[in-house]
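Okay, here's what each chain looks like letter by letter:
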Amino acid sequence: MPSRVYGVLSLRVGGQPLEIGTEWTYDIGGITRETVLGAGGPIGHKIMPIAAYIEGTVYDAPDVPLSSFKAIQGQDVTLHLYNGKTVYLRSAAQVGELTVEGHEGAIKLRLEGISGGEA
């Protein structure tokens, strides 16, 4: 039987587990390249840094104030995946808006770190 290679097991911020949804995205950061076009076509690439991030859904639990998500700053974050990988951010902070979807209490959370990687 094939093993499960997709999905998220857990998310921890500063060592504390969060109630999470199943769809998460991440990038370990580094650089991105963009083609530079001249009048005659491509002439090279522009290299830009990008932040390491983890983004997905957390849930608005009665005992966890929204302000606690907004206060995330300087925290180590780990995202544990079913395929055995652990994605991490170092010195991460919450970025962007935090809007609560009232029907399910879903909150889209984006965390960006100084560095990131896979273990």
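Relevant structure appears above.
Residues numbered from 1 in each chain as written. Predicted model: local features only at pLDDT ≥ 70, side-chain atom pairs only at ≥ 80, totals over all residues. Heavy atoms only, no water.

### Structural notes on the packing of aromatic side chains
Argument step 1. Considering all chains together, one arrives at zero aromatic pairs under this definition.
Argument step 2. The ring of Tyr 53 is capped by Arg 110, whose NZ or CZ atom sits 3.9 Å from the centre of that ring. (Phe/Tyr/Trp six-rings, centres within 6.5 Å; stacked < 30°, edge-to-face > 60°. Lys NZ or Arg CZ within 6 Å of the ring centre and 35° of its normal.)

### Let's talk about the layout of surface pockets
Unfilled space is identified by rolling a water-sized probe across the atoms.
Argument step 1. Approximately 180 Å³ is the volume found for the largest pocket.
Argument step 2. Along the walls of the largest pocket sit Val 13, Gln 16, Pro 17, Leu 18, Glu 19, Tyr 59, Ala 61, Asp 63, Val 64, Ser 68, Phe 69 and Ile 72, which together make up its complete lining.
Argument step 3. Of all the secondary structure elements, the ones that give two or more residues to the lining of the largest pocket are strand E2 (16–17) and helix H1 (66–70).
Argument step 4. Its residues assigned to classes, the lining of the largest pocket comprises eight nonpolar, two polar and two charged. (1 Å grid on protein atoms, 1.4 Å probe; cavity = no way out; pocket = protein on both sides within 12 Å on 5 of 7 lines; lining within 4 Å. Points joined across faces, edges and corners; volume = space filled by probe spheres on them. Helix = DSSP H or I, 4+ residues; strand = E, 2+ residues; numbered from the N terminus. Nonpolar A, V, L, I, M, F, W, Y, C, P; charged D, E, K, R; others polar.)

### Structural notes on the pairing of strand E8 (residues 86–94)
Argument step 1. Here strand E7 (residues 75–81) pairs with E8 via five bridges, running antiparallel. The residue bridging Gln 75 from the neighbouring strand is Ala 92, located in E8.
Argument step 2. Between E7 and E8, which pair antiparallel and follow one another directly, the connecting turn spans four residues, one of which, Gly 84, has a positive phi of 95°.
Argument step 3. Pairing of E8 with strand E11 (residues 115–118) involves four bridges; the strand directions are antiparallel. For Val 87, the partnering residue across the bridge sits in E11 and is Glu 118.
Argument step 4. Direction of pairing for E8 relative to strand E10 (residues 106–113): antiparallel, over a ladder of two bridges. Counted as the bridge partner of Gln 94 is Leu 111 from E10. (Pairing = 2+ DSSP bridges.)

Limitation: the analysis is restricted to geometry and does not speak to function.
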